[in-house]
Amino acid sequence: MRDLAAIDDMLQLLVEGFGRLRDEGRFDEPNLDGSRGDYISFDGWEWPQGVGLYGLAQLWLARDKDAQLGEMLTGWYERAIARGLPAMNVNTAAPLLALSVLWRETGDPKWRPVLDDWAERVMTGAARTKFGGIQHDVSDKVNTGELWDDTLFMVALFLASYGQSAKRPELVEEAVRQFLVHAQFLADRETGLWFHGWTFEGRHNFARARWARGNAWVTACLSDLFDLAQISPGPAAFLRDLLRDQVAALLPLQTERGAWWTLLDDPESYEETSATAGFAYGLLKGARLGIFGAPEREAGLRAVDFVMDQIGRDGIAGGVSYGTRMGHDLQFYRDIPIQPTGYGQSLAILALVEARKIAKDTA
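Remember, it's a predicted structure, so these values are computed and weren't measured experimentally. (Residues numbered from 1 in each chain as written. Predicted model: local features only at pLDDT ≥ 70, side-chain atom pairs only at ≥ 80, totals over all residues. Heavy atoms only, no water.)

By volume, the largest pocket amounts to about 600 Å³. Forming the boundary of the largest pocket are 32 residues, of which N31, E46, P86, T92 and S139 lie nearest the centre. Elements with a contribution of two residues or more to the lining of the largest pocket: helix 3 (67–83) and helix 5 (112–125). Of the volumes computed, that of the second largest pocket is approximately 450 Å³. In terms of lining, the second largest pocket is formed by 26 residues, of which the most central are E29, W148, G323, T324 and R325. Within the residue set of the lining of the second largest pocket, elements represented by two or more residues are strand 1 (146–148), helix 6 (150–165) and helix 8 (212–228). Taken together, the residues of the lining of the second largest pocket sort by class into 13 nonpolar, 6 polar and 7 charged. (1 Å grid on protein atoms, 1.4 Å probe; cavity = no way out; pocket = protein on both sides within 12 Å on 5 of 7 lines; lining within 4 Å. Points joined across faces, edges and corners; volume = space filled by probe spheres on them. Helix = DSSP H or I, 4+ residues; strand = E, 2+ residues; numbered from the N terminus. Nonpolar A, V, L, I, M, F, W, Y, C, P; charged D, E, K, R; others polar.)

In structure tokens:
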């Protein structure tokens, strides 16, 4: 366990690292509307940036609403809104989570119309699968009939967070519904881990990949859900048990270095930083909230040590796999390239924010 000063130094490096992220043309992924997709640099309104903003928002709170971070968050949203926001899909909804936290804490009325507009877009405009699941449509592809782990972090947490803060219980209820529907089709009954996706067109789990970052979205999401919103006792008890079941399967798969492989049960795949950070965050937060005990907390701290070792002097989190589409065979996941991204920065920040709370309490 690193001390408070070391963690704070690393957090500052990670914040500065956002400004060094650049899309250098390595990936060409045009959107359906013909616009250029940018999933690396920090100014685009997309899911990597949305996850990145959430990490910054949590650090802002941990630093007692630090003015510099507050200005960074506020300025980002002001610039984005002035440019004009994109069409709504699962991934473009991701930046709304951090904005809901910013509005909750500041009460600034200028954010309310944006939050209400996007909540309405999700509730009435998002394509649905059978059972009412939000179909995982993204900026460059319509994924008909598909449910992905990622949707829970990109959309459901926003609904829960904003619904609670805005006193709109229907949004919280919809968030819970999404967790339940996704669990029905993605949770692997044999292991307790989660598959990356499900399709109603053929009714299967694609490669049956127990993909690390997808599972990390679930661990982080379920730990966050109980912190962001008040959940009815019945669904809350079920979702906590689901989280404990997943984590019981995760702990034996942690590597000697404290990481997890990008395919959780495949030692031939590489150790992956963003997933390890997401697990660290969920384990430490879950332990703090009383969902887990000492073994899970210890596994989370070991994961934090691994993550900190992957952060360079330039503040860039290394060993992060690039955005991962749905794989139809397991080799697809083994071959995902390594690329620094906003979500890599953010998940590392989230993990270190939770570790910082422990270090602060024991200092």
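Here G163 shows up in helix 6. A relative accessible area of 2% means that G163 is categorised as buried. When the C-alpha atoms of G163 and A119 are compared, they prove to be 8.8 Å apart, with 44 residues separating the residues in sequence. Setting aside residues up to four positions removed in sequence, G163 forms contacts with F158, R168, P169, L171 and V172. (Buried < 20%, exposed > 50% of the residue type's maximum accessible area, 1.4 Å probe, protein only. Contact = heavy atoms within 4.5 Å.)

With that settled, consider the packing of aromatic side chains. Taken as a whole, this structure holds 21 aromatic pairs when the rule is applied. Here the aromatic rings of F153 and W217 are separated by 4.9 Å at their centres, their planes lie at 45°, and the arrangement is tilted. Of this pair, F153 sits in helix 6 while W217 sits in helix 8; the two residues are 64 residues apart in sequence, bridging distant segments of the chain. Judged by centre distance (6.3 Å) and plane angle (45°), the ring pair of W211 and Y333 falls under tilted. (Phe/Tyr/Trp six-rings, centres within 6.5 Å; stacked < 30°, edge-to-face > 60°.)

Here S321 lies in the loop between helix 11 (294–309) and helix 12 (330–334). For the pair S321 and V51, spaced 270 residues apart in the sequence, the C-alpha separation amounts to 15 Å. Excluding its chain neighbours within four sequence positions, the residues that come into contact with S321 are R213, T262, Y270, E272, I336, P337, I338 and Y343. In terms of polar contacts, S321 uses its side chain to reach the side chain of R213, at 2.6 Å. (Polar contact = N/O pair within 3.5 Å; in protein donor to acceptor, adjacent residues only side chain to side chain.)

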